[in-house]
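Residue strings, one per chain:
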Amino acid sequence: MKAVQFTEHGGTEVIEYGDFPDPEPERDEVLVDVKAGALNHLDVWTRRGLPGITLDMPHIPGSDGAGEVVDVGDDVTRFEPGDRVALSAGVSCGKCEFCRHGEHSMCVNYHIIGEHVRGVHSELAAVPEDNLLSVPEGVSWETAAAAPLVFQTAWRMLITRADVTSGERVLVLGASGGVGHAAVQIADYAGATVYATGSSEAKLEHARELGADHVIDYEAEDFASQIREMTGGRGVDVVVDHIGKATWQDSLRSLAKGGRIVTCGATTGGQPETDINRIFWNQLSVIGSTMASLGEADDVMELVWDGTFEPAIREVLPMSETARAHEMLENREGFGKVVVKPDSEL
Ligand SMILES: [Zn+2]
C-alpha cells in the first residue's frame, strides 16, 4: 500500500508518500480501506518530535480517518466488511481505576493513534475495534474524517469539564482552527453567548456563520480589553484557550469573577507567565481537558452525523501533498480542517 510516512523528525521535508507493507489485522482489529483522513495540530508536533515519545520508524501519522471495512479479526463483533467507519483515536486500557469510572481519556495507559503509535494516513489501516465509530450512509468521507478528534475534544472541554450552561458568555480563541471552530458550534448549541477571535475578516465572518455572536480580530486589537468593553466591564464566564503562552494572561484578564479557563493544548508554548493574584482574588478555575471518553465521543458524533454540527473543510489534498497540509496548519492559513485522501482515491 501507499502511506504517508517519515523516518526521522524534522521539518516538512521529512514527510514522504510511498510504499509500506500492507497491515494485517490482529484478533481485535479491523482492516479499513481509508477513503479520507484529516490533519490536526498534533500531526505537526509528532513530525517535529515530542519529548518522552519514541516512535517505531518509519512512522505513519494521522489521528483522523474514515473508510470502509475490508476485513475483521476473529474477536471483532461490531463490524463486518462493507461497513462505513471513522476513527476515534484515543486508546484506553479499560481496566485502570479511571477507565472503570468511564474516564477513558484519563487512562493511565492512554495513548493516541497517530501520535504514539502508527496512524491512518495510508491506503489501508488496521485499527482496534474499540476505536471505530459507525458512519451513517449520506455522511461524506470528508466529514467523517474531519470531525472526530476536534469535536470530541471541544465537547469534553465545554460540556463536561467547563460545564457551560445556557445564558453564559463564552470566549473561544482561535476560532478558525479545528478545535476552535468546533468549540464555537458547541458553545452556541449549549445556549451561550459566543465571543470568538480570529485573524482576518474572512475568518471572523466564517465564525459568525457557525454561531459566534461577537467577533474580535486579535491582530488588530487587544482581545482582553475588547471583551471588557463588550461585556460592560464584567468579562466572560468561560475562555476556551488552546493557544497557550501567547494568550494565557489575556485569557485570565478576559474572565469575569468566578470564571473558568479551559485548555486542551498550547500551540504557542506551554509555559506562560501567569497571575496567581488574579486567580485567587477573582476566584478563577483553571481546567485541563484531553480528548474525550467513549460515551462523550458517541454523544457529540451523533450531533455531527445528524448535521447539528459540521466540520468546515478548508482544503482537500492528495496524501502525497501532506507536507503542504502541514504548512497550512503551521501558517494558520484558512478556516477549519485540512483533509487528505489517498492519491488513488482522487
Ligand atoms: Zn485505563
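Here the structure is shown first, and the text comes after it.
In this text the structure is predicted, and so the values were computed from the model without any measurement.

Quick notes on the sheet that holds strand β13 (residues 236–241)
Pairing is parallel across the open sheet formed by six strands, whose spatial order is β12-β11-β10-β13-β14-β15. Either end of the sheet is taken by a strand with one partner, and the two such strands are β12 (214–217) and β15 (285–288). In this sheet, adjacent strand axes meet at a mean angle of 20° when their direction is disregarded. Relative to strand β14 (residues 255–263), β13 runs parallel, the two being bridged by five bridges. Residue valine 239 lies in a different strand from β14, and its bridge partner there is isoleucine 261.

Observations concerning the pattern of salt bridges
Using the criterion set out here, one finds 21 salt bridges in the structure. Residue lysine 2 is joined to aspartate 19 by a salt bridge in which the shortest nitrogen-to-oxygen separation is 3.0 Å. Remark: aspartate 19 occurs in strand β2 (residues 16–19) and lysine 2 occurs in strand β1 (residues 2–5); sequence separation between them is 17 residues. Between glutamate 345 and lysine 35 there is a salt bridge whose closest N-O contact spans 3.7 Å. With glutamate 345 in the segment after β17 (337–341) and lysine 35 in strand β3 (residues 29–38), this residue pair connects regions lying 310 residues apart in the sequence.

Quick look at the coordination of the zinc ion
Around the zinc ion, the donor atoms from the protein are Cys93 (SG), Cys96 (SG), Cys99 (SG) and Cys107 (SG), and they sit 2.3 to 2.4 Å away. Around the zinc ion, the four donor atoms sit at angles spanning 102 to 117°, and that spread fits a shape best called tetrahedral. Mapping the donors of the zinc ion onto the primary sequence gives the spacing C-x2-C-x2-C-x7-C. By relative accessible area, cysteine 96 is classed as buried at 11%.

Calculation criteria
Residues numbered from 1 in each chain as written. Predicted model: local features only at pLDDT ≥ 70, side-chain atom pairs only at ≥ 80, totals over all residues. Heavy atoms only, no water. Pairing = 2+ DSSP bridges. Helix = DSSP H or I, 4+ residues; strand = E, 2+ residues; numbered from the N terminus. Axes fitted to C-alpha atoms, helices over the stretch in contact; angles between N-to-C directions. Salt bridge = Lys/Arg side-chain N within 4 Å of Asp/Glu carboxyl O. Donors = N, O, S within 2.8 Å, 3.2 Å for Na, K, Ca; no water. Tetrahedral: all angles 85-135°; square planar, octahedral: opposite > 155°, others 65-115°. Buried < 20%, exposed > 50% of the residue type's maximum accessible area, 1.4 Å probe, protein only.

Function-wise, these values are silent; they only describe arrangement.
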